[in-house]
Amino acid sequence: MAEAGCSNERVTNGELNEREKELDDGTGEKKEFVAPAVGMEFESYDDAYNYYNCYAKEVGFRVRVKNSWFKRNSREKYGAVLCCSSQGFKRIKDVNRIRKETRTGCPAMVRMRLADSKRWRVLEVMLEHNHSLGVKKYRPVKKVSSGNKRKSLSSSDAEGRTIKLYRALVIDSEGNGKSSLNARDVMNSSEHPDQLNLKRGDAQAIYNYFCRMQLTNPNFFYLMDLNDEGHLRNVFWVDARSRVSCGYFGDVVYIDNTYLLSKFEIPLVAFVGMNHHSHSVLLGCGLLAGETTESYIWLFKAWITCMSGCSPQTIITDRCRTLQDAIAEAFPRAQHCFGLSHIMKRVPEKLGGLRHYDAIKKTFMKAVYDTLKVIEFEAAWGFMVQRFGVGNHEWLQSLYEDRVRWAPVYLKDTVFAGMSAARPGEILNPFFERYVHKQTPLKEFLDKFELALQKKHKEETLADIESRTVSPALKTRCSFELQLSKLFSKEIFKKFQFEVEEMYSCFSTTQIHADGPIIIFLVKERVMGESSRREIRDYEVLYNRTAGEVRCICSCFNFYGYLCRHALCVLNFNGVEEIPCKYILPRWKKDYKRLYIPDHSSNDVDSTDHRKWFNQLYSSALQVVEEGVISLEHYSVALEAFEESLNRVREVEEKQA
């Protein structure tokens, strides 16, 4: 897959109007199909040929291979020209043959070449024909081998059937970026499962939005998936800031397919992360034709391309078998978990009709939230099943079979970075919760999409400024509180500060076992139980003095990214005055984006990957921009630095000249 990068080419209204006419077949009827354009890239030569042939059939002409170029040693094809079958003229010796003349010297053609990225890139396009175009769906001139025929017709081979269309940042041999934007509206309405169900004008709205973003949003990425008939099937896009956020906060990702599962007007799937202020951040989104494994895999691979091949450590989703299969294939190394808040939200719907519902719900929640060991969970679940006779309940049975993916007691070694929702009342909110309802039309959503991102970006900028300029009020004399008040962002520090305050509810820390440097402590805590009564709960904490390691059985650090009150009590008991560095996650620091630049390694610079250069330069520049808006003084310094950098870069060019 290739990316749809930024464009350095401005498109005027006149040019756009001309492009509206590109697919007029001469009968006044406009064929709604994405036209060929310089900058398109395809996974293979066959994909490129199939695309141009689909376009030709829709417009009304036949395709012929005019030229092909092969490498001398390997015989690998590296270049080709596809043209209209009416290209050229008959040879003199063939003029007197009876067969009707069809050659008119038609100039319509596409020239393409195998790029360094191993994808086929369109380098030259001529759309105009010098003859009338027919409405007949012509067969291609090219002969297809039996192997290729099987591949193109096999519905099980999604990769073979997909025609992948890209708008790529094209870097020529001189390093100049250029991109073509002459796309057309695709089919406006569909009831077919293999294409997006769009209303009239929706496809044009998507195209207009992408054009606008390419011209105004550097490093904007989008990818369109067409079916064999050339109709829009799936779409993925991500704006520049979200791409940068992927590098910072792409370790734990929530894939929100709520809109697709709930049959919203827009079949939206969103990639969501959590930033250093505990705010949700958008990491990309797509529109899918349906809930199929193939569509999800296509979407995930598009996102991986955007992430430069990096994969998240943890992925959180709703319980969905199709989604589960797609994630297993696209992200084989990621830990896939089911969102606990989604499961708890369905309890009234799934169990509400049962006799003794209130008692069952209470027992169910106790098993989920109050157990600290696997054996305790199993015993609590078994008691619920036996006590209320729900052993044959289909939903509860399926939940139990999937328990290792959602029950907190089984996920203590999984890193959630604050997105676990492992406590009662915690939920994973949809990113567009206040912007999208079930009947929101696509065109309205695209407008709200920009508003939502602008609001989120503004919130993050203000939170950055507040965290750096305002010192939080301390509530205790604990050295841990003072230490992290200087490091953590405001929101994360408030969460940690609560743990420090709750240390005072832990009234006993006792050593119960020792094995060399490893010691196990028992911490007793008074907690609020049923009927607002205080109960005493025991928490085991492992402490390794030599390694500076502390691990509590509640696993707060893995769930939320900071140490719990029980671990802090053990550190305090052993005379430790500062939290070890390994338990201070960089992602929660107030200056995280200052200290960490994703994928910046001076020792690993690819001398040919211009796209990677662009991404890294853009990430660095955006960091300066975010710092530059803090104050007028910051702005002046940042602007001066940009001007100085530009002058130095131009000096390099002058020296080379």
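Residues numbered from 1 in each chain as written. Predicted model: local features only at pLDDT ≥ 70, side-chain atom pairs only at ≥ 80, totals over all residues. Heavy atoms only, no water.

A. Representation of the overall build of the protein chain. When helices and strands are tallied, the protein chain shows 22 helices and 19 strands. When each of the 657 residues of the protein chain is scored for burial, the buried share is 48%. Nonlocal contacts in the protein chain, meaning residues at least 24 apart in sequence, comprise 62% of its contacts between residues at least 6 apart. By element, 50% of the accessible surface of the protein chain is carried by carbon and sulfur atoms, the whole surface being about 33,300 Å². (Helix = DSSP H or I, 4+ residues; strand = E, 2+ residues; numbered from the N terminus. Buried < 20%, exposed > 50% of the residue type's maximum accessible area, 1.4 Å probe, protein only. Contact = heavy atoms within 4.5 Å. Areas by Shrake-Rupley, 256 points an atom, 1.4 Å probe, with all protein chains shown as cover.)

B. Up close: the UniProt feature "domain: SWIM-type" (unreviewed entry) in the protein chain. If you check UniProt for "domain: SWIM-type" (unreviewed entry), the listed places come out as residues 539–575 in our numbering. Across residues 539–575, helical content stands at 38% and strand content at 27%; the span's end C-alpha atoms are separated by 20 Å. (UniProt positions renumbered as here; feature names shortened; annotations may be inferred.)

C. Spatial organisation of the pattern of salt bridges. In the structure shown here, the tally under the stated rule is 23 salt bridges. The closest approach of N and O atoms between Glu-444 and Lys-448, which form a salt bridge, is 2.8 Å. Taken together, the residues span about one helical turn, with Glu-444 and Lys-448 both in helix H15 (residues 442–469) at a distance of four residues. Residues joined by salt bridges that share partners form a network here, namely Arg-423, Glu-499, Glu-502, Glu-525 and Arg-565. (Salt bridge = Lys/Arg side-chain N within 4 Å of Asp/Glu carboxyl O.)

D. Highlighting the sheet that holds strand E5 (residues 120–126). The sheet built from five strands is open, its strands ordered E1-E5-E4-E3-E2 with antiparallel pairing. The open sheet has two edge strands with one neighbour each: strand E1 (41–42) and strand E2 (63–70). In this structure, E2 lies alongside strand E3 (residues 77–84), joined through seven bridges in antiparallel fashion. Across the sheet, residue Ser-68 finds its bridge partner in E3, namely Ala-80. (Pairing = 2+ DSSP bridges.)

E. Local environment of unusual backbone geometry. Positive phi, normally seen in glycine, also occurs at Ser-278, with a value near 65°. Looking at the element boundaries, Ser-278 is found in the loop between strand E12 (268–274) and strand E13 (280–287). Backbone geometry places Ser-555, a non-glycine residue, at a positive phi of 55°. By the element assignment, Ser-555 lies in the loop between strand E19 (549–552) and helix H18 (556–560).

F. Spatial organisation of the layout of surface pockets. A volume near 1,000 Å³ is recorded for the second largest pocket. Residue lining of the second largest pocket: 37 residues in total, with Tyr-369, Asp-370, Pro-424, Arg-537 and Tyr-539 positioned closest to the centre. Every element with two or more residues in the lining of the second largest pocket is listed here: helix H12 (357–369), helix H17 (490–501), strand E17 (518–528), strand E18 (534–544), H18 and helix H19 (565–573). The dominant element in the lining of the second largest pocket, judged by the number of residues it contributes, is H12, at five residues. The residue makeup of the lining of the second largest pocket, split by class, is 18 nonpolar, four polar and 15 charged. Two domains share the lining of the second largest pocket, each providing at least three of its residues, namely domain 3 (340–427) and domain 4 (471–590). (1 Å grid on protein atoms, 1.4 Å probe; cavity = no way out; pocket = protein on both sides within 12 Å on 5 of 7 lines; lining within 4 Å. Points joined across faces, edges and corners; volume = space filled by probe spheres on them. Nonpolar A, V, L, I, M, F, W, Y, C, P; charged D, E, K, R; others polar. Domains from an automatic or database assignment.)

G. Representation of the environment of Gly-60 within the structure. Within the secondary structure, Gly-60 sits in the loop between helix H2 (45–59) and E2. Judged by its relative accessible area of 4%, Gly-60 falls in the buried class. The sequence separation of Gly-60 and Ser-132 amounts to 72 residues, and the corresponding C-alpha distance is 9.0 Å.

H. Structural context of the sheet that holds E18. The sheet built from four strands is open, its strands ordered E16-E17-E18-E19 with antiparallel pairing. Of all strands in the sheet, those bounded by a partner on one side alone are strand E16 (506–515) and E19. The mean inter-strand angle of the sheet, taken between neighbouring strand axes irrespective of direction, is 25°. Strand direction decides the pairing type here: E17 and E18, joined by eleven bridges, are antiparallel. Paired with Arg-526 across the strands is Ile-536, a residue of E18. (Axes fitted to C-alpha atoms, helices over the stretch in contact; angles between N-to-C directions.)

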